[in-house]
Amino acid sequence: MVNVGILASGRGSNFEAMLQHQKLGIFAGVNLSVLIYNNPEARVKDTATGSGIASYFVDHSDKDRTDFERQLATILDSHDVQLVCLAGWDRVIGSELFQKYRWRMMNIHPALLPSFGWKGLNARYVHEAALEYGVKLTGCTVFFVDVSVEKGPIILQHPVRVLESEREMFAVRREKAIQSLSERVLIHEHRMYPKAIQLYADKRLGVGEITTHDERSIRTSKAVAIDLSDDWETKWKERQRAFIEWQRKQWTERKKTMNEE
Ligand code: GRF
């Protein structure tokens, strides 16, 4: 059983998606064991309430990064966490925590990295930047955390086409266009992050080095190899179907409420 610790700072929709995978019995050998949030107002804490998952508030504003991260590590250790998932976590990870969870810490980004992955670009601004740039394709990425921001070996990516209507809307109703694109990407984030967790729990992920060279230099980069043998993907899709049904109902309800408002 792989114990998972989630670090989140805000809305918590990715955490909720993980929780649903647990509730619906889609995960196998995965146990969401602890949530840590660093913002007392974070909506994610309400999602954790009543879920049976332990949750802790750790304030980052009254201590330096080393102390803050030591406190996080103490909590994660006390729940015997093997995999850490950042889900809307607004702090940069320091080298101590990175070393401790090297290739055992994942993050999600609402674009196809390395595009729109620079520092300080959080979800809303990522979609705004993508629309502003005029990309035809965006999406989401799950990756292993490296010491640098939004870099690190990519585990999974899912493409999402930017709609012509969103591009047109962006010129006149900027926020509405950003919201539309971000919601469509989010749907795939919620399917993709649990898949990455299950791949990890099934020991299907391996981080390897790729060395390339020319006359002047040798470069080494890291890449994730995924073992999808034995029809892993087909079986996962089958299992995840219950979540997709749940998700469809949720979005239909939301759209209805939005139209009534
Ligand atoms: C997501 O779009 C995620 O990709 C990014 O931050 C957002 C968090 O959303 N890193 P939520 O808190 O999970 O709803």
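Note: the structure precedes this text.
1. Focus: the nonpolar core
1) Next: In this structure, Val4, Ile6, Leu32, Met106, Ile155, Tyr193 and Ile197 are the most contacted members of the largest nonpolar core, which totals 75 residues.
2) Next: The residues contacting Val4, other than those within four sequence positions of it, are Val30, Asn31, Leu32, Ser33, Val34, Val81, Leu83, Cys85 and Ile197.

2. Looking at the packing of helix α6 (residues 164–172) against helix α7 (residues 174–201)
1) Next: The N-to-C vectors of α6 and α7 enclose an angle of 145°; their axes lie 6 Å apart at closest approach. Between α6, through Glu166, Met169, Phe170 and Val172, and α7, the contact on the second element is made entirely by Arg174, Lys176, Ala177, Ile178, Ser180, Leu181 and Arg184.
2) Next: The residue inventory of the contact of α6 with α7, partitioned by class, reads six nonpolar, one polar and four charged.

3. Let's talk about the packing of helix α5 (residues 123–133) against α7
1) Next: Here α5 crosses α7 at 110°, and the two axes come no closer than 9 Å. Of the possible angle classes, the one that applies to α5 and α7 is roughly perpendicular. Note on element contacts: α7 touches α5 through Arg174, Glu175, Ala177, Ile178, Leu181, Ser182 and Val185, opposite Arg124, His127, Glu128, Leu131 and Glu132.

4. A short note on the site of the ligand
1) Next: Around the ligand, the structure places Arg11, Gly12, Ser13, Asn14, Gly88, Ile108, His109, Pro110, Ala123 and Glu189.
2) Next: Taking Ser13, its side chain carries an N or O atom lying 2.5 Å from an oxygen atom of the ligand.
3) Next: Ile108 places a polar main-chain atom, nitrogen or oxygen, 2.9 Å from a nitrogen atom of the ligand.
4) Next: For the ligand, whose accessible area on its own is 370 Å², the fraction buried by protein is 89%.
5) Next: Of all the secondary-structure elements, those providing two or more residues to the shell around the ligand are α1 (13–23) and β5 (105–109).
6) Next: Partitioning the shell around the ligand into residue classes produces three nonpolar, five polar and two charged.

Parameters and conventions
Residues numbered from 1 in each chain as written. Predicted model: local features only at pLDDT ≥ 70, side-chain atom pairs only at ≥ 80, totals over all residues. Heavy atoms only, no water. Core = buried A, V, L, I, M, F, W, Y, C linked by side-chain atoms within 4.5 Å. Buried < 20%, exposed > 50% of the residue type's maximum accessible area, 1.4 Å probe, protein only. Contact = heavy atoms within 4.5 Å. Axes fitted to C-alpha atoms, helices over the stretch in contact; angles between N-to-C directions. Helix = DSSP H or I, 4+ residues; strand = E, 2+ residues; numbered from the N terminus. Nonpolar A, V, L, I, M, F, W, Y, C, P; charged D, E, K, R; others polar. Parallel < 35°, antiparallel > 145°, perpendicular 65-115°, else oblique. Near = heavy atom within 4 Å. Polar contact = N/O pair within 3.5 Å; in protein donor to acceptor, adjacent residues only side chain to side chain. Areas by Shrake-Rupley, 256 points an atom, 1.4 Å probe, with all protein chains shown as cover.

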